[in-house]
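Results of the structural survey
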Amino acid sequence: MRSTLIAFGLMIAGSMAACTSQNAITENRESPRPELTMADVIPAKKTLTAAEKQRQKKALDTDAKRFKTRKAASAYYVLQAKRTFNEQKLDSASQFFGRAWLMDSTNNEVYWGYGLVYGQQKAYDKALFALYHALEKEQHNPRLITDLATSHLGRFYAESNPEDLVQSRKLLESAVRYSPDAADAYYKLAISYYYLQEYGKAWSYLHKSISKDKGIADAAFIAALLEKQQDPAGKYR
């Protein structure tokens, strides 16, 4: 999702001008969670007719017997969902996550997975709702925190709400505390600080990300940053 975010983000770089002042951008307020319900985010939770419920129960009972337990069946469908997600087959991934949820609604990877699917679909409110739900059980998971921050960045690019930008920064700073070698989190911190117009910090985090993963740098982002401020380290000109 990183390249998509950067490419789209650079297209609206001028959106920062829409903010009335730097104070408005950096004001430390959390972006509220979307006002949704679980039924809005989990399609398998929709209301069924009596006949549909009967067919669903039969299918679930068959799966439970096949996999010995419903939790095992749910884990299997999550694996299939991840495979199809990585193949960019988002509809199939969503269907597999739905089957996983029906087998075990406590499987936290289902909510995390739905968050990633919705993020790819640019349905950021749904992505954030699902990811915040997943975060309740894994509050110190740096990858999950980074994915949550990524969706806030995505929603910022789409809606230019500075609260999303501030929240992404806070989440990413938390992620690197839990995982000091997380190149992706450092890189996204660089992007966050770029849009917060704190270019020195953007350069600092960019260099940290590159020190962890030399291949992570994006030429378009570096060029945009150079337009705002020369690289203090002199690595890029």
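Because the structure is a prediction, the values reported are computed rather than measured.

**Looking at the packing of helix 8 (residues 124–135) against helix 9 (residues 142–159)**
- Taken N-terminus to C-terminus, the directions of helix 8 and helix 9 make an angle of 160°; their axes are 10 Å apart at the nearest point. By the angle between their axes, helix 8 is roughly antiparallel relative to helix 9. When you trace helix 8 past helix 9, the crossing you get is left-handed. Note on element contacts: helix 9 touches helix 8 through L144, I145, D147, L148, S151, H152, G154, R155 and A158, opposite Y124, D125, A127, L128, L131, Y132, A134 and L135.

**What to know about the packing of aromatic side chains**
- This structure, assessed with the given rule, holds 16 aromatic pairs.
- Plain terms: the ring middles of F156 and Y195 are 5.6 Å apart, the flat faces sit at 65° to each other, and that makes the pair edge-to-face. Separated by 39 residues along the polypeptide, F156 in helix 9 and Y195 in helix 11 (residues 183–195) bring together distant segments of the chain. In this structure, F156 and Y195 share a single accessibility class: buried.
- On the basis of an interplanar angle of 90° and a centroid distance of 5.0 Å, the ring pair of Y194 and Y195 is categorised as edge-to-face.
- Take Y194: its relative accessible area is 6%, and that puts it in the buried class.

**Details of the pattern of salt bridges**
- Counting across every chain of the model gives 11 salt bridges.
- Of the charged contacts in the structure, one is a salt bridge between K212 and D181, with a shortest N-O distance of 3.1 Å. With K212 in helix 12 (residues 199–212) and D181 in the loop between helix 10 (162–178) and helix 11, this residue pair connects regions lying 31 residues apart in the sequence.
- Using a relative accessible area of 57% as the deciding quantity, one classes D181 as exposed.

**Focus on helix 8**
- Along its 12 residues, helix 8 runs 16 Å from first to last C-alpha, staying within 8% of the 16 Å computed at 1.5 Å per residue.
- Most of helix 8 sits out of view: nine of its 12 residues are buried.
- Packing partners of the buried residues in helix 8 comprise helix 3 (38–41), helix 7 (108–120), helix 9 and helix 10.

**Considerations on the nonpolar core**
- If you look at the biggest cluster of nonpolar residues, it comprises 72 residues, and the most contacted ones within it are I42, F97, Y194, L206, F221 and L225.
- The leading source of residues in this core is helix 11, at 10 residues.
- Apart from the residues within four sequence positions on either side, F97 is in contact with V78, A81, E109, V110, G113, Y114 and V117.

**A word on the confidence of the model for the protein chain**
- Considering every residue of the protein chain, the mean pLDDT works out to 85; 86% of them sit at 70 or more.
- Throughout residues 1–29 the model reports pLDDT below 50, and contacts reaching past four residues in sequence, or to other chains, amount to 59 contacts.

**A short note on the packing of helix 7 against helix 8**
- Two numbers describe how helix 7 lies on helix 8: the axes approach to 8 Å, and their chain directions differ by 160°. Judged on the interaxial angle alone, helix 8 and helix 7 are roughly antiparallel. The two elements helix 7 and helix 8 meet at a crossing, and its hand is left-handed. Along its contact with helix 7, which presents N108, Y111, W112, Y114, G115, Y118 and G119, the element helix 8 presents Y124, K126, A127, A130, L131, H133 and A134.
- Broken down by class, the residue content of the contact of helix 7 with helix 8 amounts to nine nonpolar, four polar and one charged.

**Considerations on the environment of S209**
- Along the chain, S209 turns up in helix 12.
- With relative accessibility at 0%, the residue S209 sits in the buried group.
- When the C-alpha atoms of S209 and D184 are compared, they prove to be 6.7 Å apart, with 25 residues separating the residues in sequence.
- Apart from residues no more than four positions distant in its own chain, S209 is found in contact with A183, Y186, Y187 and I216.

Calculation rules
Counting of residues starts from 1 at the beginning of each chain's written sequence and follows it residue by residue. Where local features are concerned, this predicted model is filtered to residues with pLDDT of at least 70; where side-chain atom pairs are given and counted, the filter is 80 or more; whole-chain, interface and lining totals use all residues. Hydrogens are left out, water is left out, and the side-chain values use all remaining heavy atoms of the structure. For every element, the axis is a line fit to its C-alpha atoms; helices are fit only across the contacting stretch, and the angle between N-to-C directions ranges from 0 to 180 degrees. Secondary structure elements follow DSSP: runs of H or I of four or more residues count as helices, runs of E of two or more count as strands, with numbering from the N terminus. Any angle that falls under 35 degrees is termed roughly parallel, while one over 145 is termed roughly antiparallel, one within 65 to 115 roughly perpendicular, and all others oblique. When the near helix sits turned anticlockwise from the far one by under a right angle, the crossing is termed left-handed; a clockwise turn instead gives a right-handed crossing. Contact criterion: two residues are considered in contact whenever any of their non-hydrogen atoms come within 4.5 Å of each other. Side-chain rings of Phe, Tyr and Trp, where Trp is taken by its six-membered ring, are said to pair if the distance between their centres is within 6.5 Å; with planes under 30 degrees apart they count as stacked, over 60 as edge-to-face, and otherwise as tilted. Using a 1.4 Å probe on the protein chains alone, a residue whose accessible area is under 20% of its type maximum counts as buried, one over 50% counts as exposed, and one in between counts as partly exposed. One speaks of a salt bridge when a side-chain nitrogen belonging to Lys or Arg is within 4 Å of a carboxyl oxygen belonging to Asp or Glu. Expected span, for any helix, means 1.5 Å times one less than how many residues it has. Take the buried residues of types Ala, Val, Leu, Ile, Met, Phe, Trp, Tyr and Cys, join any two whose side-chain atoms come within 4.5 Å, and each joined set is a nonpolar core. pLDDT expresses, on a scale from 0 to 100, how confident the predictor is about each individual residue. Residue type decides the class: Asp, Glu, Lys and Arg count as charged, Ala, Val, Leu, Ile, Met, Phe, Trp, Tyr, Cys and Pro as nonpolar, and the leftover types, Gly among them, as polar.

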